[in-house]
Every structure is written in structure tokens, then in C-alpha cells.
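# Chains, contacts and geometry: an overview
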Amino acid sequence: MKITKKKYVIITKGFPIEFDSGDGNIVDDIEYANFYDGKDEAYISLKFFDEPEDYQVIGVNIIYEF
């Protein structure tokens with residue numbers, strides 16, 4: 001059985017891709033990224049970044065399989 005859930009993360013536009021951790025830090029491992037339930041929520045958070053033009057919001061499919 002599979003359950004799929006759509007989440008959103010804020011990432012850097014350039015390479016290497018890094019992720020917003022939700023506490024003001026940038027991490028290189030998606031496991032430590034802050035996942036947003038909705039795209040609008042992620043964009044609202046992005047407005048508070050010092051240089052929001054350097055980041056983007058992307059959708060991520062989380063799959064639970066058992």
C-alpha cells in the first residue's frame with residue numbers, strides 16, 4: 001500500500017541545491033528541510049528571507065509505502 005502526500009520546500013535557485021530548515025539556516029540534506037503543507041504557506045515564509053530572489057518554492061511528493 002502507498003500513501004502519497006504533496007509538501008513544499010524552499011530551495012536555492014543555484015547549484016548545489018540547498019534547503020530552508022525553517023529556523024533561519026540552510027541545509028544540504030532534504031531530511032532536515034522544513035516542509036510546508038501548502039504552496040501559499042511557503043511563499044509567505046519566503047517573503048521574510050533577506051534575499052528571496054535567490055530562492056524558489058518547489059513541490060515534493062512524500063511517499064509512504066508499507
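To be clear, the structure that these remarks concern was listed above.
Here we summarise the structure given alongside this text. (Residues numbered from 1 in each chain as written. Predicted model: local features only at pLDDT ≥ 70, side-chain atom pairs only at ≥ 80, totals over all residues. Heavy atoms only, no water.)

Further remarks concern the packing of aromatic side chains. Considering all chains together, one arrives at one aromatic pair under this definition. Note on F49 and Y55: the rings are 5.0 Å apart at their centroids and 70 degrees apart in plane angle, and the pair reads as edge-to-face. Each member of the pair, F49 as well as Y55, is classed as buried. (Phe/Tyr/Trp six-rings, centres within 6.5 Å; stacked < 30°, edge-to-face > 60°. Buried < 20%, exposed > 50% of the residue type's maximum accessible area, 1.4 Å probe, protein only.)

F15 connects to P16 through a cis peptide bond whose omega is 0 degrees. Locating P16 in the fold gives a position in the loop between β1 (2-12) and β2 (19-20). (Helix = DSSP H or I, 4+ residues; strand = E, 2+ residues; numbered from the N terminus.)

Geometric descriptors of this kind do not, in isolation, establish any biological role.
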